Amino acid sequence: MPWVHVVPEQGALPVDLLLTGRTYVARLDGRQMCDTDAVFQQFYDGLRLPDYFGWNWNALHDCLGDLAWLPADQYVLIVEAADAALPDDPATRRQLFRTLLRAGRRWSSVKRPEGIDLSRLLVVMSCDAASVADVQEQVRSCWEETVSSADSSAVSSPVSSAVSSTASP
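Residues numbered from 1 in each chain as written. Predicted model: local features only at pLDDT ≥ 70, side-chain atom pairs only at ≥ 80, totals over all residues. Heavy atoms only, no water.

Taken as a whole and judged by the stated rule, the model has four salt bridges. Note that Arg27 is salt-bridged to Glu80, the shortest N-O span being 2.4 Å. Taken together, the residues Arg27 in strand β2 (residues 23-29) and Glu80 in strand β3 (residues 74-80) connect sequence positions 53 residues apart. Judged by its relative accessible area of 25%, Glu80 is partly exposed. (Salt bridge = Lys/Arg side-chain N within 4 Å of Asp/Glu carboxyl O. Helix = DSSP H or I, 4+ residues; strand = E, 2+ residues; numbered from the N terminus. Buried < 20%, exposed > 50% of the residue type's maximum accessible area, 1.4 Å probe, protein only.)

Dropping the structure here:
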């Protein structure tokens, strides 16, 4: 099942994606992500990152791969106005998307080490309806970069393309 969904503002996810059990939902605002520090601040506040968070991409990746301080069965990370994140820095936006993709892949892993119970992480990127296709393409491109750098050519794309079923009436 895909772990990244790009939906129009005011859109909804398909019912089969609604999770049961303890769910932690974090809402981040892409409009507030004008630079790298602002991105980290959004994650720090939204996910209540621990004080030892290192305020860099590796630290964010490590924290997204753990989330032990937020006991839940699954995590939903909603990035509102994802199309507005890092508007003047496409390279850093790609870094953000790759970080989210890698974290989602880690949490969606079916093979779990013995004694470790991994919960699910679902990333929802909400954006202006006119930007959905562009953001989906950016995420797909980042996924291809991530897969090729991991030399895992057998992994399929995690990006949901069922946008028409997610629009609100």
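Let us keep going from here.
Attention shifts here to the side chain of Arg98. Mapped onto the elements, Arg98 comes out in helix α3 (residues 90-107). Reaching out from Arg98, the side chain makes a polar contact with the side chain of Gln95 at a distance of 3.1 Å. Residues contacting Arg98, with those up to four places away along its chain left out, are Cys142, Glu145 and Thr146. (Polar contact = N/O pair within 3.5 Å; in protein donor to acceptor, adjacent residues only side chain to side chain. Contact = heavy atoms within 4.5 Å.)

With respect to the helices and strands, Tyr75 occurs in strand β3. Each C-alpha atom, one on Tyr75 and one on Val25, is 5.9 Å from the other, the two residues being 50 residues apart in sequence. Within the structure, the side chain of Tyr75 is placed 3.3 Å from the backbone oxygen of Leu67, a separation counted as a polar contact.

Judged by how many residues are buried, strand β4 (residues 120-127) sits mostly within the fold: seven of eight residues are covered. Pairing between strand β1 (residues 4-8) and β4: five bridges, direction parallel. What sits directly across from Val7, in β4, is Ser126. Pairing of β3 with β4 involves six bridges; the strand directions are parallel. In the sheet register, Leu77 faces β4, and the bridge partner there is Val123. (Pairing = 2+ DSSP bridges.)

On to the packing of helix α2 (residues 57-64) against α3, then. At a minimum axis separation of 9 Å, α2 and α3 run at an interaxial angle of 25°. Between α2 and α3, the interaxial angle falls into the category roughly parallel. By crossing handedness, the relation of α2 to α3 is classed as right-handed. Between α2 and α3, the contacting residues are Trp57, Leu60, His61 and Leu64 on the first element and Thr92, Gln95, Leu96, Thr99, Leu100, Arg102, Ala103 and Trp107 on the second. By residue class, the composition of the contact of α2 with α3 is seven nonpolar, four polar and one charged. (Axes fitted to C-alpha atoms, helices over the stretch in contact; angles between N-to-C directions. Parallel < 35°, antiparallel > 145°, perpendicular 65-115°, else oblique. Left-handed = near helix turned anticlockwise from the far one by under 90°. Nonpolar A, V, L, I, M, F, W, Y, C, P; charged D, E, K, R; others polar.)

Under the criterion given, the structure shown has five aromatic pairs. Geometrically, the ring pair formed by Phe40 and Trp57 is edge-to-face, given 4.9 Å between the ring centres and 65° between the ring planes. With Phe40 in helix α1 (residues 36-46) and Trp57 in helix α2, this residue pair connects regions lying 17 residues apart in the sequence. The exposure class of Trp57 is buried, given its relative accessible area of 17%. When the centroid spacing of 5.1 Å and the interplanar angle of 35° are considered together, the rings of Tyr44 and Trp55 count as tilted. Remark: Trp55 occurs in the loop between α1 and α2 and Tyr44 occurs in helix α1; sequence separation between them is 11 residues. Assessed through its relative accessible area of 22%, Tyr44 is described here as partly exposed. Here Trp55 falls in the partly exposed class, since its relative accessible area comes to 34%. Each residue in the set Phe40, Tyr44, Phe53, Trp55 and Trp57 is aromatic and connected to the rest through ring pairs, giving one cluster. (Phe/Tyr/Trp six-rings, centres within 6.5 Å; stacked < 30°, edge-to-face > 60°.)

Without other data, these values stay purely geometric and don't point to any function.
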